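Here's the letter readout for the chains.
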Amino acid sequence: MYELEKENLQRFSSYITKFLRPSVIKNFMTTHFDKEMVESILSSEEKSVTTAAQMLLHQMCYLKEVGWFQAFLDTLHASEYTGLYNAIQDWNFEELEGLNEHRRFLERIEPSITKHMKPSDLLAHMSECLKPRECEEIKAEERQRGRIAASEKLVASLIRSDRPNWFKLLKFALENCELHEALELLQTNGSGKAEKASGSDGEPEAMMTTTVCFEFREEAEPEDMLMSSNDTAVTEKPSGFKGEPERSGERKLREYQKELTAAAAQGQNTIICAPTGCGKTIVALAICEYHLKQFPKRAKIVFLATKVDVYEQQYTLFKEHFSCKDPTIRVTGMCGDMDQLSVRYLIENYDIVVMTAQILVNALQSSEVPSLEILTLILFDECHNTTGKHPYNNIMTCYLDSKLSPGQHSLPQIVGLTASVGIGSFKNRLEAENNIVQLCANLDTKIITTVKQHKDELKSYVHTPEKAFFEVNQRPSDPFIRIIKNIMSNIEQLAKTTYNIESLSNIQNREYGSQKYEQWIVSVQKSCRVLQMKDADEERRICRQLYNYTEHLRKYNDALIINEDARTKDALDYLDAFFDQVRNAGYDETERKLTLLYDCQRSQLQRLATEGEQNPKLDELKYILEEEYHNNDQTRTVMFVKTRALADAMKKWIDETDSLKFLKPGVLIGKGRKSNFTGSGMTLNNKKGILASFKSSDLSKMLIATSVADEGIDIPQCNLVLMYEYVGNVVKMVQVRGRGRAEGSRCFLISSSKECIEKERLNMFKEKIVEEAIIQLQSDPTSISNKVDMLQREDKARRDHISASPEKPKTQGSFELLCSKCKRFACMSDDIRVVQGSHHIVLDRSMFKRCTIFPHKNPKSFCGFNKKEKMHCAECKHDWGLVASYTTIQDLPLLKIESFVVQNCVTRQQEYFRKWRDVTFAIREFDMKEITPEMCRPRD
């Protein structure tokens, strides 16, 4: 809703943010944003009003409530933002644009004029262009900090004033207060030339004949953060130019950044491999600029991101850069929640489109985008992901199929950006070379661009954190573990009285509290779903019991894992939350037995959680954090953990530890489709609020993150990176370590596992192997070229062979969908229809008699659907999917196939599918002609 208004707010954001001060319209924010976001914006305003205004506009693009836009306008009007109110109401910023020269002029003379001003005297003449609140703040500033500080605040308020008469009023006030020196400064240019009469607005003639040149002076900045106009030095050059001054905005790339752009600027496909924090997005922007100049009026650029979080960040940077550099360059963005937009339309009507990769994949598969040939440049952020079934590789498969097919093809230039190409498994340099060449083949490039000539300059800006390892002992003895393992053993025995569960999985030597035990549970549940017996009632009873047993075993296994890395209290809280859910869901006899097992031990577990021994890993972590913040109270920490549950537990521990609670850690986790912990999973707005608070204020000095933050998301100024039992591959190691950007930053691995520490040491060794492999490949361009050509032909032949193989035809018979937990009938396959190729609805309204409906916690729209409610099995409360409206149809079941078992009505054979694309039966396309008037009304 209000898509045009949202688009315009983004389009004119560079104007709006010059005037708007979020705290003035706090009432609007508290009505439409959550408390955390309001605090984050207000905190940001203390450092930069413009940044806070940008955050505010960005958040407004996610509002869905009816009437929010009018409420915004009304608040502006009530807050005396009359100029801004009129401009936004008509989407006409000409009058505000006319204030730019006065604003720039006052900014330039501000250090001089503030020495000659008397704020308390001036305010009496300036009420027409200053708000009462601003006048009070200026008076308070003068009382507390003196006249010059108050004068600076007065100038800052005028520069942000949206009243067209403020310049005249300032001159009038200076004249009436007989502040002649200040008035003279206002009436002369920088070289002392007196102002001549120039019209009703009193604009200095000097400003009409001066070209203002903005020179960007690069300082060490966080990864992908662009310099803004606030960081510029202003110089003057006389010119005969009449009218608007030129604002060059030329960015002086560092020498190493020029080196990274060289191959791409010549139109060559390339992988740019450079460390995190060196400004790869600045390099990407420069490449886009080169490309736009090379193909004026014809360039079509797509910048691809792997995740919505990264998309949001990069889209904002592209938008800000080009709105300042050249507003005629049209930049837009698209991610998964914007399905109402046409990809083809955006590409044809904009110069640069920033998007998540799956959107382009979908557009290619549906033929909305007929071919990649309509593009001239594609940039792949985090391009090391271009392997296997990743959307990046799907896009490049389309590219390579076109390239290797007969005829002439005008394909786009390909540029990949990454911090490491150390993909796949390898033991030596030759194997690493083969992996890198395969990545090159996938991205159709024979060039890997790295910094070679200007390494010293790169090192002066990019700080590789010092790495240290802390091997910690585990608890010597832990009765909590013994009790939990005993409960798990009892549950396994109960399960065996129902069915021989050992026959349902081949996984052996499983140990309680391990990932292997989790794998065993998954394997058993998968077999349970298709377990069949002669007696259908017996089958349903056994399958439901086994599902309950294994689900409880899973939660106890999770608790053991939490206990190993956090407090016993956190593991107990996790189990308490699970059993509260079980009791509230209307549990059956099996669940009552299982709950009793827990309740019998609950008091003993509570005593151990309260009086038990502290986890040695937490003692070590506490010592590290206390030391780091004692030595430097400005330390910024990012701590990576394996799971969402552990992230939540670590935050609770820090908040409840007296010596650490001042850190006020934020938690950054993925959205996730499923949650193993109550309250886990984050919306995009939650993430942006957490990141904004961490980046721009002292409210939070620490961020606890899962893998969502190790790649792509910009977390600047960190000088301490903690890997808490967190180890991955070479690429992950480079990405995680790169979160430590500040000079003198350090990276610590804390683990009780010798294998974990040894794996990270091996990653460090492999990183050197990758560097050697790149140097070797760069030294022999002919060899890499030949290998890339060969691999591309082989991959194409393999794809052609698969395509030529006859597809197994879909079965036309009737099938029953049964609940995968209790095997109760849900619906017939004949009643299922597919909408837009991917959404599966049920037309049979009687299905509502077999399910229970709950309000959805996050109602939203997607692909024309409006999801409103959750749908669960009436028998066992298993999640079946959503209830949504679509066009004129009020209530439609929208199914998750993974929640069902499919049974052939003739053979009675059962199958389980995790994805709709894998089902073996035919599903008809949705046709509005099948919709009856009854279906357009809400269900009974």
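To be clear, the structure that these remarks concern was listed above.
Residues numbered from 1 in each chain as written. Predicted model: local features only at pLDDT ≥ 70, side-chain atom pairs only at ≥ 80, totals over all residues. Heavy atoms only, no water.

Colleague: Hey, could you go over the pattern of salt bridges for me, with residue numbers and the actual values?
Modeller: Going through the model one piece at a time under the given rule, you end up with 51 salt bridges. Between Arg330 and Asp351 there is a salt bridge whose closest N-O contact spans 3.1 Å. Remark: Asp351 occurs in the loop between helix H19 (343–349) and strand E6 (352–356) and Arg330 occurs in the loop between helix H18 (308–325) and strand E5 (331–334); sequence separation between them is 21 residues. With a relative accessible area of 12%, Asp351 lands in the buried category. For the salt bridge of Asp444 with Lys403, the shortest nitrogen-to-oxygen distance reads 2.5 Å. Taken together, the residues Asp444 in the loop between helix H22 (429–442) and strand E9 (448–449) and Lys403 in helix H21 (residues 391–403) connect sequence positions 41 residues apart. Judged by relative accessible area, which is 30%, Lys403 ranks as partly exposed. What you see here is one network of salt bridges that share partners, running through Arg567, Lys569, Asp570, Asp573 and Glu656. (Salt bridge = Lys/Arg side-chain N within 4 Å of Asp/Glu carboxyl O. Helix = DSSP H or I, 4+ residues; strand = E, 2+ residues; numbered from the N terminus. Buried < 20%, exposed > 50% of the residue type's maximum accessible area, 1.4 Å probe, protein only.)

Colleague: Lay out the sheet that holds strand E15 (residues 746–751) with the relevant residues and their values.
Modeller: Sheet architecture is open: six strands sit in the order E10-E15-E14-E11-E13-E12, paired in parallel fashion. Two strands close off the open sheet at either side, each with one partner strand: strand E10 (466–471) and strand E12 (666–668). Neighbour to neighbour, the strand axes of the sheet diverge by 20 degrees on average, direction disregarded. As paired elements, strand E14 (residues 720–724) and E15 share five bridges and run parallel to each other. Counted as the bridge partner of Val721 is Cys747 from E15. Here helix H29 (residues 616–631) sits on the sheet in contact with E10, strand E11 (637–640), strand E13 (702–705), E14 and E15, set at roughly 180 degrees to E14. (Pairing = 2+ DSSP bridges. Axes fitted to C-alpha atoms, helices over the stretch in contact; angles between N-to-C directions. Contact = heavy atoms within 4.5 Å.)

Colleague: Give me the packing of aromatic side chains: which residues, what numbers.
Modeller: For the structure on display, the rule yields 27 aromatic pairs. For the ring pair Tyr15 and Phe93, a centre distance of 5.3 Å and an interplane angle of 20 degrees mean the geometry is stacked. You can see Tyr15 sitting in helix H2 (residues 13–19) and its partner Phe93 sitting in the loop between helix H7 (82–90) and helix H8 (94–97), a full 78 residues away along the chain. Overall, the relative accessible area of 4% leaves Phe93 in the buried class. Ring centres of Phe579 and Tyr598 lie 4.3 Å apart, and the angle between their planes is 10 degrees; this geometry places the pair in the stacked category. Pair noted here: Phe579 is in helix H27 (residues 568–584) and Tyr598 is in helix H28 (residues 589–611), with a separation of 19 residues, a long-range link. Both residues of the pair, Phe579 and Tyr598, count as buried. Aromatic ring contacts, followed pair by pair, group Phe12, Tyr15, Trp68, Phe69, Trp91 and Phe93 into a single cluster. Between Arg529 and the ring centre of Tyr912, over which it is positioned, the NZ or CZ distance is 4.4 Å. (Phe/Tyr/Trp six-rings, centres within 6.5 Å; stacked < 30°, edge-to-face > 60°. Lys NZ or Arg CZ within 6 Å of the ring centre and 35° of its normal.)

Colleague: Which residues make up helix H20 (residues 357–365), and what are the values?
Modeller: Those residues of H20 that sit buried are Ala357, Ile359, Leu360, Val361, Ala363 and Leu364. Of the surrounding secondary structure, the elements contacted by the buried residues of H20 are strand E4 (301–305), E5, H19, E6 and H21.

Colleague: Kindly report on unusual backbone geometry, identifying the contributing residues and their values.
Modeller: Residues other than glycine seldom take positive phi values, yet Glu178 does so here, at roughly 55 degrees. Judged by its relative accessible area of 59%, Glu178 is exposed. Its identity is not glycine, yet Ser367 carries a phi of approximately 70 degrees, on the positive side. Structurally, the position occupied by Ser367 is in the loop between H20 and strand E7 (377–381).

Colleague: I'd love a proper account of the pairing of strand E22 (residues 879–886), names of residues and values included.
Modeller: Counting buried positions along E22 gives seven out of eight residues, so the element sits mostly inside the fold. Across seven bridges, strand E21 (residues 865–873) lies against E22 in antiparallel orientation. Residue pairing for E22: Phe865 is matched across the bridge by Tyr886. Taking the residues between adjacent antiparallel strands as the criterion, E21 and E22 are bridged by five residues, where Lys877 takes a positive phi near 65 degrees. Relative to strand E23 (residues 889–895), E22 runs antiparallel, the two sharing five bridges. Following the sheet pairing, Tyr886 is matched in E23 by Ile889. Here E22 hands over to E23 after two residues, with Thr887 in that stretch at a positive phi of 50 degrees.

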